[in-house]
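# Secondary and tertiary structure notes
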Amino acid sequence: MTSSSSREVIVEADGGSRGNPGPAGYGAVVLDPVTGETLAEAAEYIGVATNNVAEYKGLVAGLKAARSLFPDATVHVRMDSKLVVEQMSGRWKIKHPDMKPLAAEAGRVFPAGRVRYEWIPRERNKHADRLANEAMDAGKRGRQWEPSDSTAALDTAAARNAATLPPAPSGPPGDATAGAARARAALATGAGTAGAGTSGDLGQGRTGTGSGAWPGTVAHPTARDDGLFAAEEALAAPASGDFEAEAGATAPTGRAARTHAPEADTAPAGAPAETTGPEGDGSVAAPEPTGSEATGSAAAPAPTGSAPAPVAQPASAAPAAPGQGWSAGPDMSAPATFVLLRHGETALTPEKRFSGSGGTDPELSAAGLRQAEAVAEALAARGTIQEIVSSPLTRCRQTAAAVAGRLGLDVRVEQGLRETDFGAWEGLTFGEVRERHPEDLDAWLASPKAAPTGGGESFATVARRVAATRDRLTAAYAGRTVLLVTHVTPIKTLIRLALGAPPESLFRMELAAASISAVAYYADGNASVRLLNDTSHLR
């Protein structure tokens, strides 16, 4: 467990009055922001009072419960009382004489700088609401609420989800934060700097050797890949491969083997054999790997040649990049967690047509609207999303609107999250592009710097845009969990950059419509991929 000085907790509080004024009670719960685990509950029947007085008393009780657990913690208060949130945030004046002393008492529990307030809709405050009702029910029977009588945790979706989380992080975003922090702490204190300078330590923005290199190549030991494809060394020449063999076509000589088709709305027709994921994102599979490649790993295969490994440089030759890898001091602060949601299907999706930002900007189909509602329901039950940011394209804004409506949040539009501009390929299938623009397609498949026909964007250009957007958003939403509603290429690019993987990896990920992925970004520059292509909410 982290120390209390670095701990953030969530306090949810509510109060009610049956008559207003009338028999009243409050409820409050302290939650772990990472797992959703209930850390403490408080409830009390307070006799005859108004709703607002009961809400303030609930706030005070929740803050005191948090202080008793972690005296030096920072607190994120969530309430469905607009009055209390606005008054405690200092935006509204407190005029009622019954509430002034309660607000002052709440303000004394923690220093003002360590408490932030957020309004949430009532349906997201069910735990505290249930506690308040339990307290009022107990008062009606002439008793006070007892913790042993509480069933509130069992009746909230967030608590149910948290209770069923597996020990290993495999669930929705944010769940592995505590485990990652403990791992960093253990490595920092137990292993010291043993990991410094090892070939397997890939800090963010670095290429490595071995399996991190392009197939059939040896990476240059000094090469850097900052995600912007600035260094030629990071683009080692690919080996020849017959990536269309399974489709009955012959790949051009000198092209790198690919396991997935281009970044279209779904996999283009006529490309290598299609995958059979639940929503068929159109990614296409390469011929079944043999030998060391037949491991099921999503990473790029290890070099097949026998070139010697690069010679390690002396420690004095070049200083290690600060804050990279496990050799640096651990970052114990809460990360900015990006929940990456691909939009739902459009009419072009099942037809496997290129659909980027330079085409017709299609709307969600009926199937896509159903997918958007399904993912909205799943995220509402989870209850961890704090902000929503969307691509400007219609299909993403419609998907984001469905989620925002369930969560009671606003949607911010971010131009940097738009899909690749596929130029003259917009609306075409892979087979149609192969027929009309074969040389341009070959070049595009071979190099991230090659652009589609007619002035489209290369993957290198998209990577620059997405990396800049990532940096802006991580700075703006440090410590927050943000839903990014976007497209195949931006999501795959964020995953690639977080893993420090080469451009080749863009063709080695499957991403279904309305799927969820997640990446956490720490202040020390490290990133952690938490989830990829989760479609369980669509089944």
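All of the points below concern the structure found in this document. The structure presented is a predicted model; accordingly, all values stated were derived computationally and were not measured. (Residues numbered from 1 in each chain as written. Predicted model: local features only at pLDDT ≥ 70, side-chain atom pairs only at ≥ 80, totals over all residues. Heavy atoms only, no water.)

What follows deals with the sheet that holds strand E7 (residues 387-390). Within the open sheet, the six strands sit side by side as E8-E7-E9-E6-E10-E11. Their pairing is mixed. Only two strands of the sheet have a single neighbouring strand rather than two, namely strand E8 (411-413) and strand E11 (527-534). Sheet twist, expressed as the mean angle between neighbouring strand axes with direction ignored, is 20 degrees. Bridging between strand E6 (residues 336-342) and strand E9 (residues 481-486) involves six bridges; their strand directions are parallel. Its bridge partner lying in E9, arginine 342 is registered against threonine 486. (Pairing = 2+ DSSP bridges. Helix = DSSP H or I, 4+ residues; strand = E, 2+ residues; numbered from the N terminus. Axes fitted to C-alpha atoms, helices over the stretch in contact; angles between N-to-C directions.)

Let us now look at the nonpolar core. Tyr56, Leu59, Leu63, Val75, Val77, Met88 and Tyr117 are the most contacted members of the largest nonpolar core, which totals 32 residues. Of all the secondary-structure elements, those providing two or more residues to this core are strand E1 (8-17), strand E2 (22-31), strand E3 (38-49), helix H1 (51-69), strand E4 (74-79), helix H2 (82-88), helix H3 (100-109) and strand E5 (115-119). The element that contributes the greatest number of residues to this core is H1, accounting for eight residues. In contact with valine 77, other than residues within four places in its own chain, are Val11, Leu59, Leu63, Val115, Arg116, Tyr117 and Glu118. (Core = buried A, V, L, I, M, F, W, Y, C linked by side-chain atoms within 4.5 Å. Buried < 20%, exposed > 50% of the residue type's maximum accessible area, 1.4 Å probe, protein only. Contact = heavy atoms within 4.5 Å.)

Read from one edge to the other, the open sheet built from five strands follows the order E3-E2-E1-E4-E5, with strand pairing classed as mixed. Each of the sheet's edge strands pairs with one partner strand only, and the pair in question is E3 and E5. For this sheet the average axis-to-axis angle between neighbouring strands, irrespective of direction, equals 20 degrees. Two elements, E1 and E4, share six bridges in a ladder whose sense is parallel. Pairing of glutamate 12 across the sheet is with arginine 78, part of E4. Docked against the sheet, H1 engages E1, E2, E3, E4 and E5, running at close to 155 degrees with respect to E1. Its contacts with the sheet place helix H4 (residues 126-140) against E1, E2 and E3, and it is angled at close to 140 degrees to E2.

A few words on the packing of helix H7 (residues 366-382) against helix H8 (residues 394-407). For the pair H7 and H8, interaxial distance at closest approach is 8 Å and the crossing angle is 35 degrees. In this structure, the crossing between H7 and H8 has a hand that is right-handed. On the side of H7, the interface is formed by Ala372, Glu373, Val375, Ala376, Glu377, Leu379 and Ala380, while H8 contributes Thr399, Ala402, Val403, Arg406 and Leu407. By residue class, the composition of the contact of H7 with H8 is eight nonpolar, one polar and three charged. (Left-handed = near helix turned anticlockwise from the far one by under 90°. Nonpolar A, V, L, I, M, F, W, Y, C, P; charged D, E, K, R; others polar.)

Moving on, we come to the pattern of salt bridges. Pairs can form between side chains of opposite charge whenever their charged atoms are close. Scanning the model with the defined rule gives 19 salt bridges in all. Taking the shortest distance from any N to any O, the salt bridge between aspartate 137 and arginine 18 comes out at 2.9 Å. Remark: arginine 18 occurs in the loop between E1 and E2 and aspartate 137 occurs in helix H4; sequence separation between them is 119 residues. Its relative accessible area of 38% is what places arginine 18 among the partly exposed residues. Residue arginine 353 pairs with glutamate 351 through a salt bridge whose shortest N-O separation is 2.9 Å. A relative accessible area of 44% places glutamate 351 in the partly exposed class. A single network of salt bridges, built from pairs that share partners, joins Lys82, Glu86 and Arg91. (Salt bridge = Lys/Arg side-chain N within 4 Å of Asp/Glu carboxyl O.)

Everything listed here is a matter of coordinates, which is why it stays silent on function.
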